[in-house]
Every structure is written in structure tokens, then in C-alpha cells.
Amino acid sequence: MFDLQKTDETMDDETSTLKEVIHEEITGAEALLRALIEEGVDTIFGYPGGAIMPVYDKLLNYNQNLRHILTRHEQGAAHAAQAYAMVTGKPGVCFATSGPGATNLITGIANAFLDSVPVIFITAQVASNLIGTDAFQETDIIGISMPVVKWNCQIKRAEDIPEMIAKAFYIATTGRPGTVLIDITKDAQTGKFPFKYKKCRFIRSYNPYKPLKKSEIESAAILINHAEKPLILAGHGIIISNAEKELLEFAEKTGIPVAVTLLGISCFPTNHRLYAGMLGMHGNLGPNKLTNEADVIIAIGMRFDDRVTGNLKKYASEAKIIHIEIDQAEINKNVPVDIEINNDAREALRYLIPLVNKNSHERWIREFRLNDKIEFDTVIKPEIFPEQGPIKMGEAVNVISELTGGEAIVVTDVGQNQISAARYYRFSRPNSLVTSGGMGTMGFGLPASIGAKIGSPNVPVIAFIGDGGFQMTIQELGTILHHNIPVKIVLFNNFFLGMVRQWQDMFFSKRYASTELVNPDFIKIASAYNIPGEKVTERNELKDAVKRMLYTEGPYLLEIHVEKEGTVLPMVEPGASVSEVKIKK
């Protein structure tokens, strides 16, 4: 209501002020930050430079709303942003400058793209009048990034920033999530315009919401109800769509065993009687061997990549395949399927559950348990309960799993450390594995543990990293120091690039070409970054050392010397069928 006692002069002043608020002109740099706040962003990972300096200058004015994590390399910022997105379910945001700053992001962009993680990458570009002149630190990041983004665009006018940021968030987070890159010229950052923001809800040429394929789901239910040896293959799509509860309900009603992909780990309770284990090259014996005996396979939120299928000509030849997948391009891409359900996993399962019969496949499940026993006696028991010799990776992971009750968020690097963590940590918490799946990026673990801890500050975060991958992004210890991030780093030191050496052992007559490492004193390096730690070389020291790591406030580095020439088994060798999985070297 208007105050009738106010003079015309006072009202004119207020109207003028109101107009100033409504038509407030701000720079493109400030508009970018306001747009991010409008989208619910509270954390940014990045590294400044010349072309993006206007944004960083304005960032000082928004430090109450936006926390900036300064990493020590742009690749580290990209991996941290991905991990943050994975544990929070919110899109990650990453800043970098032009030229080398932008190109340093590419591995991280590709990593998040292949694993379907929504991350918004904001890069700066030289002024628009300099584009195409080979100006200092000018690089065509739009062209370079095109194969590894869901969408990208270049902004040359300040007034285009709000609309393009809104589109970026909509595209990155809908349908199959993915990476988006926005490149903003320096003059677009400094130009002024009247700011207003509207979230994007629709793009004419992009339709991520597919009508539920009810007839296909009903046909799938008939197939499932008549199956004798059905098997569920659950992938990362279960976690992305928050369908863990629906998957559990579906499995328990039908009595169907559930096998998971590497990125699907923690989407189904590992202690559940229907849990069949991990699929793939280094997965469990049962789900690999019995895939080729299943008569119906229900694949949900997974893409039948080569690490899961082995030799495609010998894959699931006895099975009718039902594929529930949000991305149409993944259906029939690698494996021909019988029923296509191109929908969100959670939505499809919710419609499917009432249509399937209550069932029990005890005889079929018994086959998994028999294979479990064979694998335990042949592979698992010698790995986690060795009687002598050096400490084994699986043994150390098992001790940490017991002492954390499976409640930590586990971050891994890539290689033997990754597979050991996936196999021997007993995940009790949904969505608690952060790893590099499609790209297999060495160096992912340390910066990803930073992003995971910032995203889940109240949950313990443990990073399992090999000595090779650790040294690829070791500079991110500086980020841990700078921001006092309490991650627990378990460094498996075997003085080798372990997985590459394993392949050289098995397929190249033990010709260890460029895989043996001469390593520094990692504990001294950590100490230089004010990170406490210790080195464990003997089995009788292991448990107490893990306890000290877990009970110490703040970050900690636990270096464990493990056997130099250990082999991760089971293994599906290249060209082999999944049913030909080896459990002995």
C-alpha cells in the first residue's frame, strides 16, 4: 500500500530508486556470478588467469554466496567438480582462463562426459575482436571440446550471459546428464547491461523427457514373469535417477539377483542376499560366468561397454535382453536387445513393479552362491587373509572397510587400487563410490577426493590411490593445505604402474617396459604440506595405523607398501567371453 502522507517529491525519489533496481546495469562478469547463484550454485572449483580476471575480481564481492576452491591445476579443478556433482547430485561448476587454462580442462571434461556427470565448465576467451588472430592465449576451446560435451557455446555479448547459463544448466542436468562448456570473451565479461534472470525450462530442439513406454514395460513384465534364470544388470543410471529404492523393491518382489557395473556399485546393498557382485573384466565370478546362462537380462541404466561384455560375439547368447536406458543412442549400440525402454530408470521401475509377479529363484540364486564360494576360496581368502608375504591391497581395503563399517565415501584413482577398492570395500551407504569409469583417468583420485569431501563434509572420505596416479596430480596436496580439507589418503606403493605391469606379466612375457617407478619419500612431501602421515611396511602395523588415520582430525596420508608384483583377479582377458573369466593366473 502507498503511504498517502508521502509527498510527490518522496514518491518520485522512490520510483526512481525502484527503476534503478529493476534496470540495474552490471557487468557480464557479475551477471555470470548472479546467474550461478540463481541456479543454486554455492561452490566453484577453478584457477584464475588473464582472460577470466574480470570474473575473479567480481567474485570477491560474492564470497558470502559462492565458495571458490583454488586448485593447483585446472585438471584438478575439473575432477574435483565432477566428484562434487557425484556426491551431491547437483551440477558441479569449474572456472578456467583461456588458452592453456581451458585446454588443461579437457581430460576432466572427457572424464565427466563419459561417466554422465553434470558439470558446467566456464572458460574465458580473448576479446571478441581478437578471435582468429592467434592472440596471446587464444585457443579454439569450442572446437576442441565439442566431442566431449553435451553442448557448448561461445558468448561474445554481455547481455547473452543469463540466457546461455540458464540453457547450460538445463541441458547438463536433464535427460542423460553431461558436461557443458561456456566460453566467454573478455569484452563480454566487462560489458554492461540491465540484468534479469529466468531459468530455462524448455528448448525447442531438445526434448529430454520421453513419454513412458508403457506397452514395452508391459511386454517386459510378461518376459520377466516367465523367466527361470533372470539377471538384473544395474549401472550408474540407477544412482543418477535416484532409483535405489525402486531397484531394491523390484529385486525383492521378483527374487532376481542383482549384478552391478563399476559405476553402479553402491546402488544395491552389498550385504543383501540378492546381491550378485560386480560385473566386468575384474568383476566377480558369479555374475560374469552366469551371464551366459541367464534366459532374461534386465539391464538398467548401463551401456554394455566392452569392460562389461567381453567378446560381444559370445555375450548373453541365451538371453532375451530388456534394456531400460534414458539415452536412446545407447540402446542397440553394442548389444542387440529384445525390448527397448527408453525412459528414466526410476520412472520405468515404478511402472514395472506392480506388473511383475512375486517370485523366488532359489535354485538360480544357489548357482551364484556356489560360484561365490569358489571365488572366495581361490581368490578372496588369499587376498584379504594372506598367511605370509607382503601386505596385499585387498587386505588393506578389507581392514579399512571393517573399521569404517562400510560407511565412508570411497574415492579411487585408476588401476589395481581402483579394482581392489571396488571389490573389497563393503559399501553400506548408497552413492558412495567416486571413480573414473569410462575414461580410466590416472590422477583422478586425489582431486576427486577434495570435491567429494567438500560436497559431503559430514561423511568420511577415503581415497585409495596408487603411487603412479598419485604423482600425476600430487600438487593438489596444496589445495588440501590451503583449504584444510580432511580427506584420508591411502597410498598403495608397489613401486610399479601396477595394472600396466600386470598386463606386461600376463601378455608380454614379463617384459616390464617403463613401468617400474623410483619414488620419492611421500611422507616427507606430505609433511611439507602440513599433512601428517605414516608409512606401513609390516602386516602387524596395519590395523593400528588405519585407526590412527581415521581418528586423526584433518587430512592424513597413510602409505602402505604392498606386494610389488600382485595380480588382480578374477580377470576376463581381452577377446575372451565373460564366462571364460579366469580366477587363477
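Bear in mind that the values here come from a model prediction, so they are computed numbers and not experimental data.

Quick notes on the rules
Residues numbered from 1 in each chain as written. Predicted model: local features only at pLDDT ≥ 70, side-chain atom pairs only at ≥ 80, totals over all residues. Heavy atoms only, no water. Helix = DSSP H or I, 4+ residues; strand = E, 2+ residues; numbered from the N terminus. Rg over C-alpha atoms; globule rule 2.2 N^0.38 Å. Buried < 20%, exposed > 50% of the residue type's maximum accessible area, 1.4 Å probe, protein only. pLDDT = per-residue confidence, 0-100. Contact = heavy atoms within 4.5 Å. Salt bridge = Lys/Arg side-chain N within 4 Å of Asp/Glu carboxyl O. Pairing = 2+ DSSP bridges. Axes fitted to C-alpha atoms, helices over the stretch in contact; angles between N-to-C directions. Parallel < 35°, antiparallel > 145°, perpendicular 65-115°, else oblique. Left-handed = near helix turned anticlockwise from the far one by under 90°. Nonpolar A, V, L, I, M, F, W, Y, C, P; charged D, E, K, R; others polar. Expected span 1.5 Å × (residues − 1). Phe/Tyr/Trp six-rings, centres within 6.5 Å; stacked < 30°, edge-to-face > 60°. Lys NZ or Arg CZ within 6 Å of the ring centre and 35° of its normal. Right-handed = clockwise from strand over helix to strand, strands pointing away.

A.B. asks: So what about the overall build of the protein? Which residues, and what values?
C.D. replies: For the protein, the count of helices and strands is 24 helices and 20 strands. The C-alpha radius of gyration computed for the protein amounts to 26 Å, which stays within 12% of the reference 25 Å derived for 585 residues, consistent with globular compactness. Dimensions of the protein along its principal axes, counting C-alpha atoms only, are 90 × 65 × 55 Å. Across the 585 residues that make up the protein, the buried fraction comes to 57%.

A.B. asks: How would you sum up unusual backbone geometry? Please name residues and give values.
C.D. replies: Each neighbour pair has its own omega, and for Leu569 with Pro570 the value is 0°, a cis peptide bond. Mapped onto the fold, Pro570 is located in the segment after β20 (556-561). Positive phi values are uncommon outside glycine, yet Asn242 reaches one of about 55°. For Asn530, which is not glycine, the phi dihedral falls at a positive 65°.

A.B. asks: Would you mind going over the confidence of the model for the protein in detail, with residue names and values included?
C.D. replies: Per-chain confidence: the protein averages 95 in pLDDT, with 96% of residues scoring 70 or above. The low-confidence segment residues 1-21, where pLDDT is below 50, has three contacts with residues more than four positions distant or belonging to other chains.

A.B. asks: I'd like to hear about the pattern of salt bridges, residue by residue, with values.
C.D. replies: Using the criterion set out here, one finds 26 salt bridges in the structure. Note that Asp327 is salt-bridged to Arg176, the shortest N-O span being 2.8 Å. With Asp327 in the loop between β13 (320-324) and β14 (339-341) and Arg176 in the loop between α8 (161-173) and β7 (179-185), this residue pair connects regions lying 151 residues apart in the sequence. Linked by salt bridges that have partners in common, Arg176, Asp327, Glu330 and Lys333 make up one network.

A.B. asks: Could you give an account of the sheet that holds β7, with specific residues and numbers?
C.D. replies: What holds strands together in a sheet is hydrogen bonding between their backbones, with the strands either parallel or antiparallel. Taken together, six strands build an open sheet; the order of strands is β3-β2-β4-β5-β7-β6 and the sheet is parallel. Strands at the two margins of the open sheet, each flanked by one partner only, are β3 (67-70) and β6 (151-155). Neighbour-to-neighbour, the strand axes of the sheet open up by a mean angle of 20°, direction not taken into account. For strand β2 (residues 43-46) and strand β4 (residues 92-96), the ladder comprises two bridges, and the chain directions are parallel. In the strand pairing of β4, Gly46 is matched with Phe95.

A.B. asks: I'd like a description of the packing of helix α17 (residues 393-404) against helix α18 (residues 416-424), backed by residues and values.
C.D. replies: Relative to each other, α17 and α18 sit at 45°, their axes nearing to 9 Å. Of the possible angle classes, the one that applies to α17 and α18 is oblique. Along this stretch, α17 crosses α18, giving a crossing that reads as right-handed. Contact residues: Met393, Gly394, Val397, Asn398 and Ser401 in α17; Gln416, Asn417, Ser420, Ala421 and Tyr424 in α18. Looking at side-chain class alone, the contact of α17 with α18 contains four nonpolar, six polar and no charged residues.

A.B. asks: Now, about the environment of Gly389: what can you tell me, with residues and values included?
C.D. replies: Tracing the backbone shows Gly389 in the loop between α16 (362-384) and α17. Taking the C-alpha atoms as reference, Gly389 lies 49 Å from Pro48; in sequence the two are 341 residues apart.

A.B. asks: Outline helix α4 (residues 74-88), listing residues and values.
C.D. replies: With 15 residues, α4 should reach 21 Å at 1.5 Å per residue; the first-to-last C-alpha distance of 21 Å fits that figure. Judged by how many residues are buried, α4 sits mostly within the fold: 14 of 15 residues are covered.

A.B. asks: Give a detailed account of the sheet that holds strand β17 (residues 461-466), specifying residues and quantitative values.
C.D. replies: What the six strands build is an open sheet, ordered β16-β15-β17-β18-β20-β19; its pairing is parallel. One side of each edge strand has no neighbouring strand; the edge strands of this open sheet are β16 (433-434) and β19 (533-536). Bridge analysis of strand β15 (residues 409-412) against β16 gives two bridges, and the strand direction is parallel. Residue Val411 lies in a different strand from β16, and its bridge partner there is Val434.

A.B. asks: Give me the packing of aromatic side chains: which residues, what numbers.
C.D. replies: Inspection of every chain in the model, using the stated rule, returns 12 aromatic pairs. With centroids separated by 5.6 Å and ring planes inclined at 70°, the aromatic side chains of Phe470 and Phe522 adopt a geometry described as edge-to-face. Taken as a pair, Phe470 in helix α20 (residues 467-472) and Phe522 in helix α23 (residues 522-528) lie far apart in primary sequence, 52 residues in all. Here Phe470 and Phe522 have matching classes, each one buried. Pairwise contacts between aromatic rings join Phe193, Phe195 and Tyr197 into one cluster. One residue, Arg501, lies across the ring of Phe496, its end atom 5.9 Å from the ring centre.

A.B. asks: If you had to explain the pairing of β19 to someone new, which residues and values would you point to?
C.D. replies: Going residue by residue along β19, you find Glu534 and Val536 tucked away on one face and Gly533 and Lys535 left uncovered on the opposite face. As paired strands, β19 and β20 are joined by four bridges and run parallel to one another. From the neighbouring strand, Glu534 faces β20, where its bridge partner is Leu558. For the handedness criterion, the β-α-β arrangement of β19, helix α24 (residues 539-551) and β20 is classed as right-handed.

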